Amino acid sequence: MTLASPNIPVDDIQAHILLMRAIHKLQHDVQPGGIPYDTQSGVPQPSKSTLKFLDNAMHRRPNFLFRPQEIPPLDVLMVWHTYMLSPTAYYEDSLKALPALASLGGMPWALVVSCIDDKTWTFKHNSVQIMHWEKLTSLPFNREATTEAPAAAKLPQTSVDLLKAVLRQSLSLDNMLAEVAKFESAGNVQWITHAIREYDKYMRLPEGDYVPPLDVDIVWHTHQHSGMKYRDESLKIFGQFIGHDDSHSPTVIRRGRLLTTSALKAETTCTKTAEVTHGATLDSDARCLCGDCLGPPPTRPRPRPPVCPGPPSGCLRGPRPPSPEPRPTRDKYE
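Let me sum up the structure you'll find in this document.

Calculation rules
- Residues numbered from 1 in each chain as written.
- Predicted model: local features only at pLDDT ≥ 70, side-chain atom pairs only at ≥ 80, totals over all residues.
- Heavy atoms only, no water.
- Helix = DSSP H or I, 4+ residues; strand = E, 2+ residues; numbered from the N terminus.
- Buried < 20%, exposed > 50% of the residue type's maximum accessible area, 1.4 Å probe, protein only.
- Contact = heavy atoms within 4.5 Å.
- Areas by Shrake-Rupley, 256 points an atom, 1.4 Å probe, with all protein chains shown as cover.
- Polar contact = N/O pair within 3.5 Å; in protein donor to acceptor, adjacent residues only side chain to side chain.
- Phe/Tyr/Trp six-rings, centres within 6.5 Å; stacked < 30°, edge-to-face > 60°.
- Lys NZ or Arg CZ within 6 Å of the ring centre and 35° of its normal.
- Axes fitted to C-alpha atoms, helices over the stretch in contact; angles between N-to-C directions.
- Parallel < 35°, antiparallel > 145°, perpendicular 65-115°, else oblique.
- Nonpolar A, V, L, I, M, F, W, Y, C, P; charged D, E, K, R; others polar.
- Salt bridge = Lys/Arg side-chain N within 4 Å of Asp/Glu carboxyl O.
- Left-handed = near helix turned anticlockwise from the far one by under 90°.

A separate point is the overall build of the chain. The helix and strand tally for the chain stands at 11 helices and two strands. Reading the secondary structure of the chain in the N-to-C direction produces α-α-α-α-α-α-α-α-α-α-β-α-β. Looking at the 334 residues of the chain, the share that counts as buried comes to 49%. Taking the intrachain contacts of the chain between residues at least 6 apart in sequence as the baseline, contacts between residues at least 24 apart amount to 73%. If you sum the accessible surface of the chain, you get close to 16000 Å²; carbon and sulfur atoms cover 54% of it.

Shown next as C-alpha coordinates:
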(Lines give C-alpha, C1' and ligand atoms only; values in the text may rest on other atoms or scores of the structure.)
Protein backbone atom coordinates (compact mmCIF):
# COMPACT_ATOMS: atom_id res chain seq x y z
CA MET A 1 0.00 0.00 0.00
CA THR A 2 1.30 3.45 -0.89
CA LEU A 3 2.20 5.56 2.11
CA ALA A 4 0.44 8.90 2.50
CA SER A 5 2.34 11.83 1.02
CA PRO A 6 1.49 15.52 0.73
CA ASN A 7 -0.48 16.48 -2.36
CA ILE A 8 1.43 19.37 -3.95
CA PRO A 9 0.37 19.88 -7.59
CA VAL A 10 3.11 20.68 -10.09
CA ASP A 11 0.94 23.55 -11.35
CA ASP A 12 1.01 25.13 -7.88
CA ILE A 13 4.80 24.96 -7.78
CA GLN A 14 5.04 26.53 -11.24
CA ALA A 15 2.62 29.27 -10.17
CA HIS A 16 4.70 29.87 -7.06
CA ILE A 17 7.85 30.26 -9.15
CA LEU A 18 6.02 32.83 -11.28
CA LEU A 19 5.01 34.76 -8.15
CA MET A 20 8.58 34.61 -6.82
CA ARG A 21 9.81 36.06 -10.10
CA ALA A 22 7.29 38.90 -9.92
CA ILE A 23 8.26 39.70 -6.31
CA HIS A 24 11.95 39.47 -7.22
CA LYS A 25 11.42 41.91 -10.09
CA LEU A 26 9.52 44.30 -7.81
CA GLN A 27 12.31 44.27 -5.23
CA HIS A 28 14.93 44.89 -7.91
CA ASP A 29 12.85 47.75 -9.32
CA VAL A 30 12.95 49.37 -5.88
CA GLN A 31 16.63 48.64 -5.25
CA PRO A 32 18.48 47.99 -8.54
CA GLY A 33 20.75 44.98 -8.22
CA GLY A 34 18.76 43.61 -5.32
CA ILE A 35 19.33 43.77 -1.58
CA PRO A 36 22.97 43.00 -0.67
CA TYR A 37 23.83 40.76 2.26
CA ASP A 38 26.76 40.40 4.60
CA THR A 39 28.36 37.15 3.44
CA GLN A 40 29.28 36.05 6.97
CA SER A 41 26.21 36.96 9.02
CA GLY A 42 23.61 36.95 6.27
CA VAL A 43 22.27 40.28 7.54
CA PRO A 44 20.50 42.20 4.74
CA GLN A 45 21.64 45.70 3.86
CA PRO A 46 18.60 47.40 2.31
CA SER A 47 18.72 50.89 0.87
CA LYS A 48 16.64 53.74 2.28
CA SER A 49 14.28 53.39 -0.67
CA THR A 50 13.76 49.70 0.11
CA LEU A 51 13.07 50.39 3.78
CA LYS A 52 10.55 53.07 2.84
CA PHE A 53 8.94 50.75 0.30
CA LEU A 54 8.63 47.94 2.86
CA ASP A 55 7.31 50.26 5.54
CA ASN A 56 4.58 51.40 3.17
CA ALA A 57 3.81 47.79 2.26
CA MET A 58 3.39 46.93 5.94
CA HIS A 59 0.85 49.73 6.34
CA ARG A 60 -0.99 48.77 3.16
CA ARG A 61 -1.51 45.13 4.17
CA PRO A 62 -3.99 45.02 7.11
CA ASN A 63 -7.31 45.11 5.29
CA PHE A 64 -6.30 42.54 2.72
CA LEU A 65 -5.81 39.91 5.39
CA PHE A 66 -9.56 39.84 5.86
CA ARG A 67 -10.66 39.73 2.21
CA PRO A 68 -9.30 36.73 0.31
CA GLN A 69 -11.59 37.13 -2.69
CA GLU A 70 -9.39 39.55 -4.61
CA ILE A 71 -5.69 39.67 -5.37
CA PRO A 72 -4.19 42.79 -3.76
CA PRO A 73 -1.32 44.94 -5.08
CA LEU A 74 1.93 43.02 -5.46
CA ASP A 75 3.67 44.70 -2.52
CA VAL A 76 0.85 43.56 -0.22
CA LEU A 77 0.84 40.09 -1.78
CA MET A 78 4.58 39.94 -1.07
CA VAL A 79 3.91 40.50 2.65
CA TRP A 80 1.26 37.76 2.79
CA HIS A 81 3.57 35.43 0.85
CA THR A 82 6.26 35.97 3.50
CA TYR A 83 3.86 35.69 6.44
CA MET A 84 2.76 32.21 5.37
CA LEU A 85 6.41 31.08 5.46
CA SER A 86 6.21 31.28 9.26
CA PRO A 87 3.54 28.58 9.53
CA THR A 88 3.61 28.13 13.31
CA ALA A 89 3.33 31.89 13.93
CA TYR A 90 0.67 32.15 11.22
CA TYR A 91 -1.37 29.42 12.91
CA GLU A 92 -0.93 30.89 16.40
CA ASP A 93 -2.03 34.31 15.15
CA SER A 94 -5.12 32.74 13.59
CA LEU A 95 -6.09 31.46 17.05
CA LYS A 96 -5.55 34.73 18.90
CA ALA A 97 -4.63 38.04 17.32
CA LEU A 98 -5.98 37.48 13.79
CA PRO A 99 -8.72 34.82 13.75
CA ALA A 100 -9.71 35.87 10.22
CA LEU A 101 -6.51 34.24 8.93
CA ALA A 102 -8.15 30.84 9.36
CA SER A 103 -10.73 31.69 6.69
CA LEU A 104 -8.23 32.90 4.10
CA GLY A 105 -7.28 29.45 2.89
CA GLY A 106 -4.17 28.93 0.81
CA MET A 107 -2.57 31.13 -1.79
CA PRO A 108 -5.06 31.37 -4.70
CA TRP A 109 -2.58 30.24 -7.33
CA ALA A 110 -4.94 30.37 -10.31
CA LEU A 111 -5.78 34.02 -9.58
CA VAL A 112 -2.11 34.83 -8.96
CA VAL A 113 -1.11 33.39 -12.34
CA SER A 114 -3.79 35.46 -14.08
CA CYS A 115 -2.23 38.64 -12.65
CA ILE A 116 1.38 38.07 -13.75
CA ASP A 117 2.85 38.27 -17.25
CA ASP A 118 4.77 35.01 -17.73
CA LYS A 119 7.28 36.64 -20.08
CA THR A 120 8.14 39.90 -18.29
CA TRP A 121 7.01 38.87 -14.77
CA THR A 122 5.18 42.16 -14.52
CA PHE A 123 2.19 42.30 -12.21
CA LYS A 124 -0.99 43.05 -14.17
CA HIS A 125 -4.19 44.51 -12.80
CA ASN A 126 -7.57 45.61 -14.09
CA SER A 127 -10.03 48.35 -13.26
CA VAL A 128 -12.29 46.05 -11.23
CA GLN A 129 -9.36 44.94 -9.11
CA ILE A 130 -8.25 48.53 -8.51
CA MET A 131 -11.77 49.71 -7.66
CA HIS A 132 -12.30 46.83 -5.21
CA TRP A 133 -9.02 47.50 -3.42
CA GLU A 134 -9.41 51.28 -3.18
CA LYS A 135 -13.01 51.03 -2.01
CA LEU A 136 -12.07 48.45 0.62
CA THR A 137 -8.94 50.13 1.96
CA SER A 138 -9.17 53.82 0.98
CA LEU A 139 -5.57 53.39 -0.17
CA PRO A 140 -4.20 53.80 -3.71
CA PHE A 141 -3.70 50.53 -5.56
CA ASN A 142 -0.40 51.56 -7.11
CA ARG A 143 2.42 51.67 -4.59
CA GLU A 144 3.99 54.63 -6.43
CA ALA A 145 1.04 56.74 -5.33
CA THR A 146 1.74 55.91 -1.67
CA THR A 147 4.37 58.47 -0.77
CA GLU A 148 4.11 58.09 3.00
CA ALA A 149 2.78 55.40 5.29
CA PRO A 150 -0.60 56.41 6.75
CA ALA A 151 0.16 57.89 10.16
CA ALA A 152 -3.09 56.71 11.70
CA ALA A 153 -2.93 53.16 10.36
CA LYS A 154 -3.30 50.58 13.11
CA LEU A 155 -1.39 47.43 12.21
CA PRO A 156 -2.53 44.02 13.42
CA GLN A 157 0.00 42.56 15.83
CA THR A 158 1.66 39.47 14.42
CA SER A 159 3.97 36.92 16.03
CA VAL A 160 6.66 37.54 13.45
CA ASP A 161 8.44 40.74 12.39
CA LEU A 162 7.21 40.80 8.81
CA LEU A 163 9.53 43.55 7.62
CA LYS A 164 12.61 41.59 8.71
CA ALA A 165 11.08 38.40 7.34
CA VAL A 166 10.57 39.96 3.89
CA LEU A 167 14.21 41.07 3.88
CA ARG A 168 15.40 37.56 4.79
CA GLN A 169 13.24 35.99 2.13
CA SER A 170 14.68 38.25 -0.58
CA LEU A 171 17.93 36.26 -0.38
CA SER A 172 15.99 33.00 -0.61
CA LEU A 173 14.27 34.33 -3.73
CA ASP A 174 17.65 35.08 -5.31
CA ASN A 175 18.96 31.59 -4.57
CA MET A 176 15.82 29.68 -5.52
CA LEU A 177 15.33 31.50 -8.81
CA ALA A 178 18.99 30.97 -9.70
CA GLU A 179 18.46 27.25 -9.11
CA VAL A 180 15.34 27.24 -11.31
CA ALA A 181 17.29 29.03 -14.05
CA LYS A 182 19.92 26.27 -13.95
CA PHE A 183 17.28 23.59 -14.45
CA GLU A 184 15.69 25.54 -17.29
CA SER A 185 18.98 26.19 -19.08
CA ALA A 186 19.83 22.48 -18.83
CA GLY A 187 16.45 21.54 -20.28
CA ASN A 188 15.54 19.60 -17.14
CA VAL A 189 11.74 19.37 -17.17
CA GLN A 190 11.51 16.64 -14.52
CA TRP A 191 13.13 18.49 -11.64
CA ILE A 192 9.84 19.41 -9.95
CA THR A 193 8.63 15.79 -9.90
CA HIS A 194 11.96 14.71 -8.44
CA ALA A 195 11.90 17.53 -5.87
CA ILE A 196 8.42 16.51 -4.69
CA ARG A 197 9.67 12.98 -3.99
CA GLU A 198 12.74 14.30 -2.18
CA TYR A 199 10.57 16.68 -0.15
CA ASP A 200 8.60 13.77 1.26
CA LYS A 201 11.88 12.10 2.30
CA TYR A 202 13.23 15.33 3.77
CA MET A 203 10.21 15.91 5.98
CA ARG A 204 10.51 12.38 7.39
CA LEU A 205 14.09 12.87 8.57
CA PRO A 206 14.53 12.75 12.36
CA GLU A 207 15.04 15.93 14.34
CA GLY A 208 18.24 17.72 13.45
CA ASP A 209 19.69 20.80 11.78
CA TYR A 210 18.58 19.76 8.31
CA VAL A 211 18.29 22.29 5.48
CA PRO A 212 16.68 21.15 2.22
CA PRO A 213 18.32 21.49 -1.20
CA LEU A 214 17.00 24.53 -3.06
CA ASP A 215 14.67 22.55 -5.32
CA VAL A 216 13.16 20.80 -2.31
CA ASP A 217 12.93 24.14 -0.51
CA ILE A 218 10.76 25.49 -3.33
CA VAL A 219 8.38 22.55 -2.88
CA TRP A 220 8.33 23.07 0.89
CA HIS A 221 7.56 26.78 0.53
CA THR A 222 4.75 25.95 -1.89
CA HIS A 223 3.30 23.48 0.60
CA GLN A 224 3.39 26.12 3.35
CA HIS A 225 1.37 28.41 1.10
CA SER A 226 -1.57 26.04 1.37
CA GLY A 227 -2.30 27.80 4.67
CA MET A 228 -3.95 25.79 7.43
CA LYS A 229 -3.92 22.76 5.15
CA TYR A 230 -0.14 22.64 5.62
CA ARG A 231 -0.57 22.18 9.37
CA ASP A 232 -3.23 19.51 8.92
CA GLU A 233 -1.16 17.53 6.42
CA SER A 234 2.01 17.96 8.46
CA LEU A 235 0.32 16.43 11.51
CA LYS A 236 -1.39 13.69 9.56
CA ILE A 237 1.48 12.63 7.31
CA PHE A 238 4.62 13.51 9.27
CA GLY A 239 3.24 13.16 12.78
CA GLN A 240 3.92 16.72 13.91
CA PHE A 241 3.47 20.34 12.90
CA ILE A 242 6.85 21.13 11.36
CA GLY A 243 7.80 24.78 11.49
CA HIS A 244 10.06 26.80 9.21
CA ASP A 245 13.07 28.78 10.41
CA ASP A 246 14.95 31.03 7.97
CA SER A 247 16.81 33.14 10.53
CA HIS A 248 20.15 31.30 10.53
CA SER A 249 23.50 32.43 9.15
CA PRO A 250 24.81 31.33 5.74
CA THR A 251 27.35 29.09 7.50
CA VAL A 252 24.61 27.21 9.37
CA ILE A 253 22.56 26.93 6.18
CA ARG A 254 25.47 25.49 4.19
CA ARG A 255 26.29 23.01 6.94
CA GLY A 256 22.64 21.98 7.17
CA ARG A 257 22.40 21.37 3.43
CA LEU A 258 25.44 19.11 3.52
CA LEU A 259 23.91 17.23 6.46
CA THR A 260 20.65 16.81 4.55
CA THR A 261 22.35 15.60 1.38
CA SER A 262 24.21 12.97 3.36
CA ALA A 263 21.09 11.90 5.27
CA LEU A 264 18.94 11.57 2.15
CA LYS A 265 21.56 9.45 0.41
CA ALA A 266 21.78 7.16 3.43
CA GLU A 267 18.01 6.93 3.84
CA THR A 268 16.92 3.30 3.70
CA THR A 269 13.80 1.68 5.02
CA CYS A 270 12.84 -1.71 6.36
CA THR A 271 11.16 -3.88 3.73
CA LYS A 272 9.52 -6.32 6.12
CA THR A 273 5.74 -6.31 6.06
CA ALA A 274 4.56 -7.70 9.37
CA GLU A 275 1.20 -6.18 10.26
CA VAL A 276 0.81 -4.35 13.55
CA THR A 277 -2.10 -3.14 15.61
CA HIS A 278 -2.94 0.55 15.24
CA GLY A 279 -1.14 2.59 17.88
CA ALA A 280 1.69 0.09 18.21
CA THR A 281 5.29 1.25 18.20
CA LEU A 282 6.92 0.70 14.82
CA ASP A 283 10.26 -1.07 15.11
CA SER A 284 12.75 -2.66 12.74
CA ASP A 285 10.65 -5.83 12.44
CA ALA A 286 7.27 -4.43 11.49
CA ARG A 287 5.49 -1.62 9.76
CA CYS A 288 1.93 -0.41 9.86
CA LEU A 289 -0.08 -1.17 6.74
CA CYS A 290 -2.75 1.48 7.23
CA GLY A 291 -1.08 3.73 4.66
CA ASP A 292 -1.58 6.83 6.76
CA CYS A 293 1.23 6.75 9.30
CA LEU A 294 4.87 7.77 9.29
CA GLY A 295 5.70 4.68 7.26
CA PRO A 296 8.45 2.09 7.61
CA PRO A 297 11.10 3.01 10.15
CA PRO A 298 14.61 3.78 8.91
CA THR A 299 17.35 1.29 9.65
CA ARG A 300 19.21 3.93 11.64
CA PRO A 301 17.74 4.75 15.08
CA ARG A 302 15.44 7.72 15.54
CA PRO A 303 15.41 9.87 18.68
CA ARG A 304 12.11 8.19 19.55
CA PRO A 305 10.10 5.52 17.72
CA PRO A 306 7.14 6.80 15.69
CA VAL A 307 3.63 5.77 16.62
CA CYS A 308 1.05 5.02 13.99
CA PRO A 309 -1.80 7.57 14.23
CA GLY A 310 -3.96 5.61 11.78
CA PRO A 311 -6.29 6.88 9.07
CA PRO A 312 -9.81 8.18 9.83
CA SER A 313 -11.23 4.75 9.05
CA GLY A 314 -8.77 2.87 11.27
CA CYS A 315 -5.99 0.42 10.47
CA LEU A 316 -6.28 -2.82 8.59
CA ARG A 317 -6.06 -4.89 11.75
CA GLY A 318 -6.75 -4.39 15.41
CA PRO A 319 -9.14 -2.14 17.34
CA ARG A 320 -8.72 1.59 17.05
CA PRO A 321 -7.71 3.30 20.31
CA PRO A 322 -8.36 6.98 21.03
CA SER A 323 -6.39 9.32 18.76
CA PRO A 324 -2.97 10.10 20.25
CA GLU A 325 -1.96 13.66 21.01
CA PRO A 326 0.09 15.20 18.17
CA ARG A 327 3.79 15.45 18.84
CA PRO A 328 5.20 18.89 19.64
CA THR A 329 5.90 21.37 16.90
CA ARG A 330 9.47 21.50 15.69
CA ASP A 331 11.25 23.67 13.17
CA LYS A 332 13.32 22.80 10.16
CA TYR A 333 15.60 25.36 8.60
CA GLU A 334 15.13 27.42 5.48
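Locating serine 234 in the fold gives a position in helix H10 (residues 228-238). For serine 234, a relative accessible area of 0% gives the class buried. Polar side-chain contacts of serine 234 include one of 3.1 Å to the backbone nitrogen of isoleucine 242. Not counting chain neighbours up to four residues away, the residues in contact with serine 234 comprise Gly239, Gln240, Phe241 and Ile242.

For the structure shown, the criterion picks out six aromatic pairs. One aromatic cluster is present, built from ring pairs that chain together Tyr91, Tyr230 and Phe241. It is arginine 231 that lies over the ring of phenylalanine 241; its NZ or CZ is 5.7 Å from the centre.

The geometry of helix H1 (residues 10-30) relative to helix H8 (residues 191-203) is characterised by a closest axis approach of 10 Å and an angle of 105° between their N-to-C directions. Considered as vectors, H1 and H8 are oriented roughly perpendicular to each other. Between H1 and H8, the contacting residues are Val10, Ile13, Gln14 and Ile17 on the first element and Trp191, Ile192 and Ile196 on the second. Grouping the constituent residues of the contact of H1 with H8 by class yields six nonpolar, one polar and no charged.

Here the focus is unusual backbone geometry. The phi dihedral of tryptophan 121 is positive, around 60°, even though this residue is not glycine. Checked against the element boundaries, tryptophan 121 lands in the loop between helix H5 (109-114) and helix H6 (127-137).

Before going further, it helps to spend a moment on the pattern of salt bridges. Using the criterion set out here, one finds nine salt bridges in the structure. As a salt-bridge pair, aspartate 118 and lysine 119 come within 3.4 Å of each other at their nearest N and O atoms. What makes aspartate 118 exposed here is its relative accessible area of 52%. Put simply, arginine 204 and aspartate 200 hold a salt bridge, and the shortest N to O gap is 3.1 Å.

Among the structural elements, tyrosine 91 can be located in helix H4 (residues 87-95). The exposure class of tyrosine 91 is partly exposed, given its relative accessible area of 21%. Taking C-alpha positions, tyrosine 91 is 7.8 Å from alanine 102, a pair spaced 11 residues apart along the chain. Not counting residues within four places of it along the chain, the set of residues in contact with tyrosine 91 comprises Met228, Arg231 and Phe241.

Now for the packing of H1 against helix H7 (residues 162-185). Put simply, H1 and H7 touch, their axes get as near as 10 Å, and they point 120° apart. The angle between the axes of H1 and H7 places the two elements in the oblique class. In this structure, H1 crosses over H7, and the sense of that crossing is left-handed. Contacts between H1 and H7 involve Ile17, Met20, Arg21, Ile23, His24, Gln27 and His28 from the former and Val166, Ser170, Leu173, Asp174, Met176, Leu177, Val180 and Glu184 from the latter. By residue class, the composition of the contact of H1 with H7 is eight nonpolar, four polar and three charged.

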